[in-house]
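# Topology and contacts: notes
Next come the chains, spelled out residue by residue.
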Amino acid sequence: MRTNGKQHGYGAEMNFRERLYVGEVFRGLWITIKHLVRNIFYMKDMPTVQYPEVKPQYSDRFRGRHRLMQRDDGSPRCVACMMCSTACPADCIHITAAEHPDPTIEKFPEKFDIDLLRCVYCGLCEEACPCDAIRMDTGIYEIVADSRDKFFVNKEFLLNDETNGTL
Amino acid sequence: MVKLTIDGQELEFTEGTSLFDACREARGEALPHFCYHPDLPIAGVCRLCQVEIEGMPKLTIACNTTVRDGMVVFTRNERVRKAAQQTLEMHLINHPVDCPICDQAGECGLQNQYMEYGLYESEVEKGDKVTKAKAQVIGPHVILDTERCVLCTRCVRFCDHVTGTGELGIFNRGDRAEVGIAPGKELNNNYSLNTVDICPVGALTSRDFRFKKRVWLLKSTQTICPGCATGCNIRVDHEADRIFRIKPRLNADVNGRWMCDFGRLEYRRVHAESRLDAPLLADGDRQREASWDQVWSRLDALGGKGLFVVSPWQTLEEMDLFKGLGGGNTVVSGPSESGRGDGDEILLSTDRTPNRKSLAWLGIDELAGDELAARARAADGVVVVYGGDPVGEVPAFAEAVAGKTLVYLGTHRNATSDAAQVVVPTSAWAERDGIFVNAKGRLQLIRRVVARPGEAREDWRFLADWQGRTDDQTQPAGLPELRRGVAERVAALNGQDLNTIGASGSAVAEADTGGDA
C-alpha cells in the first residue's frame, strides 16, 4: 500500500486538506477512473470474458472431466489395478475387477464408476495410473445434469462420451 | 551355548540354531529371503540371505549355516548389500512386473525387498524377457503364474513335506525352469491354499480371492476358524462389513502356520443368500416378518415345559445362557450325527463343529437323532432349537415337532426355520464375540469381524433378554460379567479366568470330561 510517506489508518492525525474530504474522494476514485477510461478506449484488452456466450481458453494442462482411454479394439485400457481409487482423496472411483477372456490382458474393469459430485479434480488418479488409462484432458469443466444420479457416470460413458459436459 | 558376533553385537545361542534365526534376532528384522521358511526344510536356492563370515573367502547363505562358537558375522556391510541387490536383479530378469494386475501386490516379497535393495535401473530390455504360461488353473483353489515365480520351491517343499502329496515340482533348467504340476495331477489337496500364503510373490494366487480386492484395502481381525474342532487360529481380512479371505495365524500349540482349505472357505456362509435377517412369525401356512414386540409377546406366552436343543456351533457363553434359560426344561444337544466329516492327520478333525467340547463341560447331553426325536415327542408343547438343523437332518424329529410350537434361533434359512412358528435371527460366527473350546480343551476367543445383517441379534444379549422376561434375576450387563458367571458354573474350567484369554487362547488343565477329543 502506498502511504505517500504519511501515517494513515485509525488514530492518524488528518491535515486540513484531508479533512476537506472532496480531494480525498477523487484521489480514491482515481484507480477506478483510470480503468474506466482505459477500458473505454482499449476495449479489446479487457480481461472480462462474456461467459457463457464466449468460453474461456484454459491451459492444456487444465484438469477437466475424466475419460477412459481405449485399446485399439475399443475396450478399456484400464486393467482394474485400483491405483486410482486408492489414490483418490474423495473416494469417488468405484471399480469392480473381473477376469478378461483374453489371458494376455487377464484383468479388466467390469464396472468403472466415477461419482463426479464427489470428485475434487485433483488429478491424483491420472498420476497414479500405470497404464495411462484415465485422463483428465477433456477440458470439460461444465458438468451439468438435472438429477444427482446422472453425475454417477459409468465405464461406457467415460470411454465413449462425446458430449460437451451436459450429462 | 555358542557365542558369536553379529554386526558387532555379541550374542549367545543354543547349539544348532540356524544363522538365519540368529541374524533375525540380532538385527531385529529378517535377512532378505524368499526360500527360507521356518516350517519347511532348508533349500538354499534364492541366495538372498548371504552374509559375510570372517575367515570365509566368499559370502555364505545364512539359512543353511548353523551358528558356531566365535563366528564373526556381518549382515549390513556394503559387500552383503551389494550381493542382495545383485541377486534380486537376477530374480527380476524375467519377472513380468505386472504388479497392477497381480493379487500379491502390496504383500509381495519382490516388491518389499526391492524397496530396500532394488537396483531401480533395469539392465534388461522389456522385450528380452523369457515369457512363460500365465494364469494356469492348477487346482480347485489355486492359479499358477509361472512368469512371476522366483523358483524358491516353498510350494514344492510344502506339498512334499507337509501334505506329502507331491503335486508340484520344478521342471526344465536355467531361465526356462518353472514350477509346474506333476503330469496327470491336480493341486487338489485340502491344504492347497497354504501354498498361496507361503508363495513370496504372485506366482500362486487364490482363485477364490482373485481380483476381489487389493490387499492394502483390507483390515484384519484375529479370530478362530469355525470349520472343525481343531480351532485353527486365523486372521480374517475384511472391508466394509464383507469378509474377503481367511489366513492362518501362527499358534504353535494349535495349527502352527497352516490351515485347511475347507476352513478357509467357511467365511462364504456368513454372506450366504439364505441368511436370516429379520424375525419371522408363522401366520397360517406362511411366515411373515414381525416386529420384536410381536416376537416377545409370542415368546412370553409360550410358558409350560418343553425341550431345549442347542447346537455345537454356539459359543461357551451362549450354551451356558441357553442352559440357564432352559431352567426346568430338558436341555440337550443334537443330533449327535450332525457336523461330522472325514478328518485327516494334519489339522482337519472328523468333528466339523467348533465347540462340541463345551457341551460336555456344561453337562449338556448330546443325543442321537432317534433319541432326540423321542424327547421331542415327549415334550410338552414347546420345542426351542438353537442353531443347527435337526428338522432337516432327522425326519423323525420333524414329525415329532409337527404339532408343537417350534421356536428357532438361528442364522440361516433351513428346514428347521421353515417349520418354526417363531424364528429369531442370530449372529453368524464372524458377527459376535465369544469363546470356542477346541477338541483339546483349549479356550479360544472368536471376535466380531463384520456387522450383523438386518435385525439379527447378538446371541447372548437376546438370550439374556429372554431370561430377564421369564425370571426376576438381573441379567449380566456385558460379556465379562457373563464370563465370570460361566467360570463359576463350569467345573472343568478349574477356576480359569475367562476374561484373561489372550489372542492365542488358553489351555485348560484337562479334567476327565468324557468329551470326544
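Keep in mind that what you see is a predicted model, and the values were worked out from it rather than measured.

### What to know about the overall build of chain B
Within chain B, the regular secondary structure consists of 15 helices and 24 strands. Taken along the three principal axes of its C-alpha coordinates, chain B extends 85 × 50 × 35 Å. The buried share of chain B, reckoned over its 517 residues, is 56%. Considering only intrachain contacts with a sequence separation of at least 6, the fraction spanning at least 24 residues in chain B is 63%. About 22,200 Å² of surface is accessible on chain B, with carbon and sulfur atoms providing 46% of the total. The positive charge centre, built from 61 side chains, and the negative charge centre, built from 74, are 3 Å apart in chain B.

### Remarks on the sheet that holds strand 20 (residues 405-410) of chain B
Residues and elements named next belong to chain B. The sheet built from eight strands is open, its strands ordered 15-14-21-20-19-16-17-18 with mixed pairing. The sheet is open, and its two borders are formed by strand 15 (286-289) and strand 18 (365-366), each paired with just one other strand. Inspection of the sheet shows strand 17 (residues 330-333) paired to strand 18 by two bridges, in the parallel sense. Pairing of V332 across the sheet is with D365, part of strand 18. With respect to the sheet, helix 8 (residues 316-326) is in contact with strand 16 (306-310), strand 17, strand 19 (382-386) and strand 20, its orientation differing from that of strand 16 by roughly 180°. Packing against the sheet, helix 14 (residues 459-470) makes contact with strand 19, strand 20 and strand 21 (422-425), and its axis sits at approximately 145° to strand 20.

### Things to note about the packing of helix 8 of chain B against helix 15 (residues 479-489) of chain B
Residues and elements named next belong to chain B. One can describe the packing of helix 8 onto helix 15 by two numbers: an axis separation of 10 Å at closest approach and a directional angle of 70°. Overall, the two elements helix 8 and helix 15 adopt an arrangement that is roughly perpendicular. Facing helix 8, whose interface residues are L316, E317, D320 and L321, helix 15 presents L479, L482, R483, V486 and R489. Of the residues assigned to the contact of helix 8 with helix 15, the class counts are five nonpolar, no polar and four charged.

### Examining the packing of aromatic side chains
All names here are of chain B. Taken as a whole and assessed by the stated rule, the structure comprises eleven aromatic pairs over all chains. The interplanar angle of 20° and the centroid separation of 5.1 Å between the aromatic rings of W296 and F462 together place this pair among those described as stacked. Taken together, the residues span a long stretch of sequence, with W296 in helix 7 (residues 292-300) and F462 in helix 14 at a distance of 166 residues. Looking at W296, the relative accessible area reads 8%, which means it is buried. Taking the relative accessible area as the measure of exposure, F462 reaches 1% and is therefore buried. Between F322 and Y386 the ring centres are 5.1 Å apart and the planes differ by 40°, which places this aromatic pair in the tilted class. Taken together, the residues span a long stretch of sequence, with F322 in helix 8 and Y386 in strand 19 at a distance of 64 residues. Accessibility classification places F322 together with Y386 in one group, the buried group. Aromatic rings pair up to connect W292, W296, F308, F322, Y386, F462 and W466 into one cluster. If you follow R352 out to its NZ or CZ, it ends over the ring of F262, 4.5 Å from the centre. Positioned above the aromatic ring of W292, the side-chain terminus of R457 is 5.5 Å from the ring centre.

### A look at the nonpolar core
Residue and element names in this part refer to chain B. Among the nonpolar cores identified, the biggest contains 55 residues, and F34, L110, V201, L204, I234, I243 and W429 are the most heavily contacted of them. Within the residue set of this core, elements represented by two or more residues are helix 2 (78-92), helix 3 (109-117), strand 7 (142-144), helix 4 (154-162), helix 5 (193-198), strand 12 (233-239) and strand 13 (242-248). Looking at this core element by element, the count peaks at four residues for helix 4. Apart from the residues within four sequence positions on either side, I234 is in contact with T221, Q222, T223, I224, C225, I246, K247, P248, R249, M259 and W429. Judged by nonpolar contacts, the second largest core, of 45 residues, contains V295, F308, L409 and L493.

### Thoughts on the layout of surface pockets
All names here are of chain B. Approximately 790 Å³ is the volume attributed to the largest pocket. Around the largest pocket sit 31 residues that line it, and H33, H37, R154, D197 and I198 are the ones nearest its centre. Within the residue set of the lining of the largest pocket, elements represented by two or more residues are helix 1 (19-27), helix 3, helix 5 and strand 13. No other element matches helix 3, which puts five residues into the lining of the largest pocket. Of the residues contributing to the lining of the largest pocket, the split by class is 13 nonpolar, six polar and twelve charged.

### Some points on the confidence of the model for chain B
Residue and element names in this part refer to chain B. Confidence in the prediction of chain B, expressed as mean pLDDT, is 89, and 98% of residues score 70 or more. In this model, residues 511-517 is a region of pLDDT below 50 whose contacts with residues beyond four sequence positions or in other chains number ten contacts. Listed scores for the predicted complex are pTM 0.85 and ipTM 0.80.

### A look at helix 4 of chain B
Given 3.6 residues per turn, any residue in an α-helix points the same way as the ones three and four places further on. Taken together, the buried positions of helix 4 of chain B are R154, C155, V156, R157, F158 and C159 of chain B. Turning to helix 4 of chain B, the residues buried within the fold contact strand 8 (168-171), strand 9 (178-181), helix 5 and strand 10 (204-206) of chain B.

### Thoughts on the interface of chain B and chain A
When the parts of a complex come together, some accessible area is lost, and that lost area is often used as the size of the interface. Opposite the eleven residues of chain B that make contact, chain A presents twelve residues. When the two sides are added together, the surface that chain B and chain A hide from each other amounts to roughly 1,100 Å², 62% of it contributed by carbon and sulfur. Area buried by chain B at its contact with chain A is led by P100, I101 and F211 of chain B, which between them contribute 51% of it. Here chain B is connected to chain A by three salt bridges. The interface formed by chain B and chain A includes four residue pairs in polar contact (both at pLDDT 80 or more). Across the side of chain B that touches chain A, the residue classes break down as six nonpolar, no polar and five charged.

### Notes on helix 10 (residues 369-378) of chain B
Residue and element names in this part refer to chain B. Buried residues of helix 10: G369, L372, A373 and A376, and no others. What you see down the axis of helix 10 is that its buried residues fit within an arc of 100°, all on one side. Away from its buried face, by an angle of more than 90 degrees, helix 10 presents the exposed residues D370, R377 and A378.

### Points about the side chain of R245 of chain B
Looking at where R245 of chain B falls in the secondary structure, it is placed in strand 13. One polar contact links R245 of chain B to D237 of chain B, side chain to side chain, over a distance of 2.7 Å.

### Quick look at the sheet that holds strand 13 of chain B
Paired through their backbone hydrogen bonds, the strands of a sheet run either parallel or antiparallel. Residue and element names in this part refer to chain B. Pairing in this open sheet of three strands is antiparallel, and the strands run 11-12-13 from one edge to the other. In this open sheet, the two edge strands, each paired with only one partner strand, are strand 11 (219-224) and strand 13. Taken pair by pair, the neighbouring strands of this sheet meet at an average axis angle of 30°, ignoring direction. In terms of strand pairing, strand 11 meets strand 12 through six bridges, oriented antiparallel. Bridge pairing in strand 12 links T223 to I234.

Rules and cut-offs
Residues numbered from 1 in each chain as written. Chains lettered and ligands numbered in written order. Predicted model: local features only at pLDDT ≥ 70, side-chain atom pairs only at ≥ 80, totals over all residues. Heavy atoms only, no water. Helix = DSSP H or I, 4+ residues; strand = E, 2+ residues; numbered from the N terminus. Buried < 20%, exposed > 50% of the residue type's maximum accessible area, 1.4 Å probe, protein only. Contact = heavy atoms within 4.5 Å. Areas by Shrake-Rupley, 256 points an atom, 1.4 Å probe, with all protein chains shown as cover. Lys, Arg positive; Asp, Glu negative; His and termini not counted. Charge placed at Lys NZ, Arg CZ, Asp CG, Glu CD. Pairing = 2+ DSSP bridges. Axes fitted to C-alpha atoms, helices over the stretch in contact; angles between N-to-C directions. Parallel < 35°, antiparallel > 145°, perpendicular 65-115°, else oblique. Nonpolar A, V, L, I, M, F, W, Y, C, P; charged D, E, K, R; others polar. Phe/Tyr/Trp six-rings, centres within 6.5 Å; stacked < 30°, edge-to-face > 60°. Lys NZ or Arg CZ within 6 Å of the ring centre and 35° of its normal. Core = buried A, V, L, I, M, F, W, Y, C linked by side-chain atoms within 4.5 Å. 1 Å grid on protein atoms, 1.4 Å probe; cavity = no way out; pocket = protein on both sides within 12 Å on 5 of 7 lines; lining within 4 Å. Points joined across faces, edges and corners; volume = space filled by probe spheres on them. pLDDT = per-residue confidence, 0-100. Buried area = accessible area lost by both parts, 1.4 Å probe. Salt bridge = Lys/Arg side-chain N within 4 Å of Asp/Glu carboxyl O. Polar contact = N/O pair within 3.5 Å; in protein donor to acceptor, adjacent residues only side chain to side chain. Arc of directions from axis to C-beta.

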